[in-house]
2 protein chains.
Amino acid sequence: MVPDSDFSVTPYDVSGAVDYEKLTKQFGTKLIDDKLLKKFEKYTGETHFMLRRKVFFSHRDLDWLFNKYDKNEKFYLYTGRAPSGPIHIGHLMPWIFTKWLQDKFGAKLLFQIPDEEKFFRKDSLSLEQTKKLAYDNILDIIALGFSPKKTEIFLDTEYAKSMYSTACRISKNITASTIKGAFGFTDSNNIGEFFYTSMQAVPAVLESVKQGKNVPCLIPYAIDQDPHFRVARDVIPKLGFYKPAAIHCKFLPPLQGVEGKMSSSKEMGAILTTDSPEVVRDKIMKYAFSGGRDTLKEHREKGGNPDIDVSYQWLRMMFEPDDKKLENIYFKYKGGEMLTGELKQILVDKVNVFLKKHQLERKRAEKRVDKFLVRD
Amino acid sequence: MVPDSDFSVTPYDVSGAVDYEKLTKQFGTKLIDDKLLKKFEKYTGETHFMLRRKVFFSHRDLDWLFNKYDKNEKFYLYTGRAPSGPIHIGHLMPWIFTKWLQDKFGAKLLFQIPDEEKFFRKDSLSLEQTKKLAYDNILDIIALGFSPKKTEIFLDTEYAKSMYSTACRISKNITASTIKGAFGFTDSNNIGEFFYTSMQAVPAVLESVKQGKNVPCLIPYAIDQDPHFRVARDVIPKLGFYKPAAIHCKFLPPLQGVEGKMSSSKEMGAILTTDSPEVVRDKIMKYAFSGGRDTLKEHREKGGNPDIDVSYQWLRMMFEPDDKKLENIYFKYKGGEMLTGELKQILVDKVNVFLKKHQLERKRAEKRVDKFLVRD
């Protein structure tokens, strides 16, 4: 939690209007600067729009990672998904960027599905349920087009033999006191919750464990997961491994407004990956918070405010990669030439084109799970 | 810890002269009474000397277990060994009794080797070391003659996939506060230590998990392990499983006196299973605390005190099953007819006969490990 703020960011809660720059100071991460953007361009031949637009805005040790890369020490990627419900488009955002990283750097990806994490947190959730959700969620991951040859997806409960020894080594170096500080836990939290962060740390060193030599690791994740990796980065060097580097994104806002983050449990604020075109249209038209004016006349005169308009923000963060097209929308909306209904229609079309392909791939993924899944 | 006592019994420390009756009251266990002894006799045709002599003296729910047994619900056995050093004869004592239970009741035995437990506790101990010790310790277990068809030995780190889901279910029901109360931990203890008790609880329900129906479980263990199973017994019914029954033994005292328990790290007080006949003779002759008098004349006149004499206690608890022979020794020593040197010589001979066979079987066990070991 960030003291003296109107917002709160922990792995278990995001609320309020997040001041991301303030957050990086509190968390001790660094903003991605132009020098680093140029590095990305050098290696990949382009700059991903999520980098240019500061959707991925913060990092830890990216410079170190690139120095290693320059010395021919290739890195692998690690990200994850804790199943607690269906996948919404906000979940996909960092994974789309992760796929880009995989493609551009030819990097292996470990995709962790900690099916125990949300089970520990929610009384109502059984391990059977999270496991079932895991297998549902995996379809969305595969649908994004990760390379089956370079991607390993695993559930913690099915990969525990591969993970447990390393989790033990990590947990020996983390006191209950550290956990309380990092996650705001008390003595009333259960011992699964206390132990869990050591399981989340494992994939950050697992390639090094398997290969018997240090392999650099880059973890793309939404900034709310940072407390886990802050703890992990303190411990990992004590075990003789490289500290993992990290790259952080902001949260795709829920339909209702640019505060907090999208959540499947507040379904009216989220577009699920399985939503039909009609549902998508309906949700956006009805619920997407608008930066438009109260009357047509006022809007034409004074213009809309794209900065607080969720439809515009979704285009910016995820659905309109083309800078010129985005700029065009921005100025037309701000100048009053484009109405809220028109802006929303652009988003509806973009989301539905995206989801049509995604849903086809998701269906196809049902038969491809074994190409990605690793089990003990 | 037992308040207002001169002794302390926790899974991590035993010191002082343990008042076992007081301990059962504090722990909330029951003394094994004559009615239960008769039950044992009914089922097995005999009463093991460790039962008759109250070496195994306390229990939880043995009556319930026997009621189930009468209704044709057979139980399985579960015990364990946390590797931190070589095996001494004090470790073997409860396992010898466990083998008797296996033979007499035809019971399956799960033998857990939690190779992470002492690793969590001791800075100087690596997981590689505890694993190496585990494989050494397993030889002593197999040497005792357990049935390979009815015994499964496993290391936690190698069996983690089979165990982790159940450990998660258990840990969700245990707060950090409960752990602090049961084990005396503080926020300075590491999160591995906090989580560990849920791994120790798993084998108490693992047969039920595997068979998909409730199977009664009996856990023979030295009474210092009780805090683990006290916590486990509170949680296990919440998951729909039978509470495991338990049968508890006292500690074989170290050579130096009848306080505390034998420890491999205080080697002069312990007979290791690999000690040569000369070393055994040397240790007992030199170090075994004697209940004899200061001078021969005084001993002949006033007699020795077998109750504080370690050699006599070892014969009673482990090495002389024959009541008549033991009684004979008792009265001869108490009457001054038998000298300390003679008493010690009886013990030396007994221990060396035992170890000669044990060491042969231990050697033979090297090639039999795969018959017992289960891995994921």
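## Looking at the interface of chain B and chain A
Right, on to step 1. The interface is formed by 31 residues belonging to chain B together with 31 residues belonging to chain A.
Right, on to step 2. For the side of chain B that touches chain A, the element with the highest residue contribution is helix α8 (residues 160-171) of chain B, accounting for seven residues.
Right, on to step 3. Its residues assigned to classes, the side of chain B that touches chain A shows 12 nonpolar, 11 polar and eight charged.

## Examining the packing of helix α7 (residues 127-143) of chain A against helix α17 (residues 340-365) of chain A
Residues and elements named next belong to chain A.
Right, on to step 1. Across the interface, α7 lies against α17 with an axial gap of 8 Å and an inter-helix angle of 120°. In terms of their interaxial angle, α7 and α17 are classed as oblique. Considering only the axes of α7 and α17, their crossing is right-handed. The residues of α17 that touch α7, namely those facing Leu139, Asp140, Ile142 and Ala143, are His358, Glu361, Arg362 and Ala365.
Right, on to step 2. When its residues are assigned to classes, the contact of α7 with α17 shows four nonpolar, one polar and three charged.

## Regarding the sheet that holds strand β5 (residues 76-80) of chain B
Residue and element names in this part refer to chain B.
Right, on to step 1. Taken in spatial order, the seven strands of this open sheet run β3-β4-β9-β8-β5-β6-β7, and their pairing is mixed. Unpaired on one side and paired on the other, β3 (30-31) and β7 (151-155) mark the two borders of the sheet.
Right, on to step 2. Summarising the sheet, β5 and strand β8 (residues 217-222) pair through two bridges and their orientation is parallel. From the neighbouring strand, Tyr76 faces β8, where its bridge partner is Cys217.

## Quick word on unusual backbone geometry
Right, on to step 1. Located in the positive-phi region is Asp61 of chain A, a residue other than glycine, with phi close to 60°.
Right, on to step 2. Of note, Asp61 of chain A is situated in the loop between β4 (56-60) and α4 (62-70).

## A closer look at the sheet that holds β4 of chain A
Residues and elements named next belong to chain A.
Right, on to step 1. Strand order in the open sheet formed by seven strands is β3-β4-β9-β8-β5-β6-β7, and the pairing between neighbours is mixed. With partners counted over all chains shown, the strands left at the sheet margins are β3 (30-31) and β7 (151-155), one partner each.
Right, on to step 2. Contacting β4, β8 (217-222) and β9 (245-249), α4 runs over the sheet at an angle of about 130° to β9.

## What to know about the pairing of β8 of chain A
Right, on to step 1. Buried residues dominate β8 of chain A, accounting for five of its six residues.
Right, on to step 2. Each parallel crossover has a hand, and for β8 of chain A linked through helix α12 (residues 226-235) of chain A to β9 of chain A it is right-handed.

## Regarding the packing of helix α10 (residues 191-201) of chain A against α12 of chain A
The relative placement of two packed helices comes down to the angle between their axes together with the axis-to-axis distance.
Residue and element names in this part refer to chain A.
Right, on to step 1. Interaxial distance between α10 and α12 falls to 9 Å at its minimum, and their mutual angle equals 70°. In this view, α10 runs roughly perpendicular relative to α12, as classed from their interaxial angle. Facing α10, whose interface residues are Thr197, Gln200 and Ala201, α12 presents His228, Val231, Ala232 and Val235.
Right, on to step 2. Each residue belonging to the contact of α10 with α12 can be placed in one class, and the counts come to four nonpolar, three polar and no charged.

## Topic: the environment of Lys131 of chain B
Residue and element names in this part refer to chain B.
Right, on to step 1. Structurally, the position occupied by Lys131 is in helix α7 (residues 127-143).
Right, on to step 2. For Lys131, a count of 19 C-beta atoms within 10 Å puts it in the partly exposed group.
Right, on to step 3. Residues Lys131 and His91, spaced 40 residues apart in sequence, show a C-alpha to C-alpha distance of 18 Å.
Right, on to step 4. For Lys131, the residues in contact, after removing those within four places along its chain, are Asp115, Leu155 and Thr157.

About the thresholds
Residues numbered from 1 in each chain as written. Chains lettered and ligands numbered in written order. Predicted model: local features only at pLDDT ≥ 70, side-chain atom pairs only at ≥ 80, totals over all residues. Contact = placed C-beta atoms within 7 Å. Helix = DSSP H or I, 4+ residues; strand = E, 2+ residues; numbered from the N terminus. Nonpolar A, V, L, I, M, F, W, Y, C, P; charged D, E, K, R; others polar. Axes fitted to C-alpha atoms, helices over the stretch in contact; angles between N-to-C directions. Parallel < 35°, antiparallel > 145°, perpendicular 65-115°, else oblique. Left-handed = near helix turned anticlockwise from the far one by under 90°. Pairing = 2+ DSSP bridges. Buried ≥ 20, exposed ≤ 12 C-beta atoms within 10 Å, placed from the backbone. Right-handed = clockwise from strand over helix to strand, strands pointing away.

Treat this as a map of the structure, not an account of what it does.
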